[in-house]
Amino acid sequence: MIDRPTVLITRKIPINGIEILRSKYNVIINNKDRPLNRKELIKDVKGIDAILCVLQDKIDKEIMDIAGPNLKIISTFSTGYEHIDIESANIKGIRIGHTGNILTETTADLAFGLILCLGRRIVEADRFVRESKWKNGWCPDLMLGTDIHNKILGLIGFGKIGKAVAKRAMGFGMEIIYYKRNKQITDLDKNIKYKAKYCKLKELLSISDYIVIACSLNDDSYHLIDMENLKTMKKTAFLINISRGKIIKEMDLVFALRNKHLAGAALDVFEQEPIPKSNPLIRMKNVILLPHIGSSSYSTRSRMAEIAAANIINVLEGNDKKALLVQK
Ligand code: DGY
């Protein structure tokens, strides 16, 4: 009898992904409602053929060494793969799978939801009613907010998610401008579709009413939004981050919000996740805080599970070309 390969699933993902893998392999799964700690990961990873991991799992050389020579693929249940040591994996010939662009539209939905919540004070208004502060019925100046239509949306990053946000903004009659690191001339043609205009970062920051961070985290974008850039924003403008927390220098944002350099912010991602109780953002009124739920819809998370499982099957069966792999 041939031994079935063993797959370690480090966190309960939607059941469809687990069942796909169970039908073919021995599956070890972390059934706890939290990520594995380092000690547990080290214990579980020994001798396995594939890892299906999540963003919180630091998959470095040590983990790959402990897994041993059978490890052929690390498939992350995410689009981002900054938690995996790509260089060590490449040296060892271990493939890295991810979930590609499947979350684009769902994440753009959330970004747009946050624009609406900030501008029209939706979260604040809900709290106001629940806290029995609504005493006098309809009121001429209650919860006055900022329009969305006819306002300027500034997108930092104009990849798939940025464009998906732009598509939604067009429906709201917003003016769209964008900044991206590598602007290519060919973009001019493509962006006619979104009626979006390229701007230098400083210009974008100084004229936008809503700024959405939709670029990926890299050496150039790390702490891109710091005090100097925050001070460039209009005092009436809002900042939304649905990308990675480390793009904003968080303590600078706290200072800028306290000192009213901008009107408010909505953050789905943070420098440290979950945010510690001591993080001043928790006590601030002009921010909306979400627990990293950009891709969190039933259908997208279920597709992510399917893709993460399929990446493992394709690599273990020698069909690398069919897998969604991080380029070497
Ligand atoms: C990702 O996949 O990288 C998101 O941040 C979480 O879904």
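Given the structure is predicted, the values throughout are model-derived calculations rather than measurements.

Enquirer: Could you give an account of the environment of Tyr 179, with specific residues and numbers?
Expert: Along the chain, the position of Tyr 179 falls in strand β7 (residues 175–179). Spatially, the C-alpha atom of Tyr 179 lies 9.6 Å from that of Leu 205, the residues being 26 residues apart in sequence.

Enquirer: Which residues make up the site of the ligand, and what values do they have?
Expert: Residues in contact with the ligand, as listed here, are Leu 55, Ser 78, Thr 79, Gly 80, Leu 103, Arg 244, His 292, Ser 295 and Met 304. One of the side-chain nitrogen or oxygen atoms of Arg 244 is found 2.8 Å away from an oxygen atom of the ligand. A distance of 2.7 Å is found between an oxygen atom of the ligand and a side-chain nitrogen or oxygen belonging to Ser 295. Contact with the protein chains covers 89% of the free accessible surface of the ligand, which is 230 Å². Taken together, the residues of the shell around the ligand break down into three nonpolar, five polar and one charged.

Enquirer: Tell me about the side chain of Arg 168, and please be specific about residues and values.
Expert: By secondary structure assignment, the location of Arg 168 is in helix α7 (residues 160–171). Every residue in contact with Arg 168, bar those within four places of it in the chain, is listed here: Glu 105, Ala 108, Asp 109 and Phe 112.

Enquirer: So what about the domain arrangement of the protein chain? Which residues, and what values?
Expert: For the protein chain, the assigned domains are domain 1 (6–101 + 299–322) and domain 2 (104–289). Look at where the C-alpha atoms of domain 1 and domain 2 centre, and you get two points 33 Å apart. Each partner contributes to the interface: domain 1 provides five residues, whereas domain 2 provides four residues. Buried area between domain 1 and domain 2, both sides added, is near 400 Å², and the carbon and sulfur share of it is 35%.

Enquirer: If you had to explain the pattern of salt bridges to someone new, which residues and values would you point to?
Expert: By the definition in use, this model includes 23 salt bridges. Between Arg 34 and Glu 40 there is a salt bridge, and its shortest N-O distance comes to 2.9 Å. For Arg 34, a relative accessible area of 34% translates into the label partly exposed. Judged by relative accessible area, Glu 40 falls into the buried class, the value being 18%. We note a salt bridge from Glu 105 to Arg 168, for which the minimum N-O separation is 2.7 Å. Of this pair, Glu 105 sits in helix α5 (residues 104–120) while Arg 168 sits in helix α7, placing them 63 residues apart in sequence. Ionic contacts of the salt-bridge type, sharing partners, join the residues Arg 38, Lys 58, Asp 60 and Glu 62 into one network.

Enquirer: Break down the nonpolar core for me, with residues and values.
Expert: Among the nonpolar cores identified, the biggest contains 32 residues, and Leu 153, Leu 155, Val 212, Ile 240 and Ile 242 are the most heavily contacted of them. Counting only elements with at least two residues in this core, the list comes to α5, β6 (152–156), α7, β7, β9 (210–213) and β10 (238–241). A per-element tally of this core places α5 first, with eight residues. The contacts of Ile 242, once residues within four sequence positions are left out, are Thr 107, Leu 110, Ala 111, Leu 114, Ile 161, Val 212, Ile 213, Ala 214, Asp 268 and Val 269. Grouped together as the second largest cluster of nonpolar side chains are 31 residues, Leu 201, Leu 205, Ala 256 and Phe 270 included.

Enquirer: Could you give an account of the pairing of β6, with specific residues and numbers?
Expert: Extensive coverage of β6 is indicated by the burial of five of its five residues. Burial along β6 is two-sided: Ile 152, Gly 154 and Ile 156 facing one way and Leu 153 and Leu 155 facing the other are all buried. Both β6 and β7 contribute to a ladder of five bridges, which runs parallel. Looking at β7, one finds that Leu 153 is bridged to Ile 176. As paired strands, β6 and β9 are joined by four bridges and run parallel to one another. Among the inter-strand pairings, Ile 156 is bridged to a residue of β9, identified as Ile 213.

Enquirer: Account for the environment of Leu 110, with residues named and values stated.
Expert: Tracing the backbone through its elements, the reader meets Leu 110 in helix α5. Assessed through its relative accessible area of 18%, Leu 110 is described here as buried. In the structure, Leu 110 is positioned 158 residues away from Asp 268 in sequence and 9.0 Å away in space, judged by C-alpha atoms. For Leu 110, the residues in contact, after removing those within four places along its chain, are Ile 242, Asp 268, Leu 290, Ile 293 and Gly 294.

Enquirer: Describe the packing of α5 against α7, and please don't skip the residues or the numbers.
Expert: Running from N to C, α5 and α7 point in directions that differ by 55 degrees, and their axes come no closer than 8 Å. Taken together, the axes of α5 and α7 are oblique relative to one another. Crossing hand, α5 versus α7: right-handed. Residues Thr 104, Glu 105, Thr 107, Ala 108, Asp 109, Ala 111 and Phe 112 of α5 form the contact with α7, whose own contacting residues are Lys 160, Ile 161, Ala 164, Val 165, Lys 167, Arg 168 and Ala 169. Tallied by class, residues from the contact of α5 with α7 come to seven nonpolar, two polar and five charged.

Cut-offs applied
- Residues numbered from 1 in each chain as written.
- Predicted model: local features only at pLDDT ≥ 70, side-chain atom pairs only at ≥ 80, totals over all residues.
- Heavy atoms only, no water.
- Helix = DSSP H or I, 4+ residues; strand = E, 2+ residues; numbered from the N terminus.
- Near = heavy atom within 4 Å.
- Polar contact = N/O pair within 3.5 Å; in protein donor to acceptor, adjacent residues only side chain to side chain.
- Areas by Shrake-Rupley, 256 points an atom, 1.4 Å probe, with all protein chains shown as cover.
- Nonpolar A, V, L, I, M, F, W, Y, C, P; charged D, E, K, R; others polar.
- Contact = heavy atoms within 4.5 Å.
- Domains from an automatic or database assignment.
- Buried area = accessible area lost by both parts, 1.4 Å probe.
- Salt bridge = Lys/Arg side-chain N within 4 Å of Asp/Glu carboxyl O.
- Buried < 20%, exposed > 50% of the residue type's maximum accessible area, 1.4 Å probe, protein only.
- Core = buried A, V, L, I, M, F, W, Y, C linked by side-chain atoms within 4.5 Å.
- Pairing = 2+ DSSP bridges.
- Axes fitted to C-alpha atoms, helices over the stretch in contact; angles between N-to-C directions.
- Parallel < 35°, antiparallel > 145°, perpendicular 65-115°, else oblique.
- Left-handed = near helix turned anticlockwise from the far one by under 90°.

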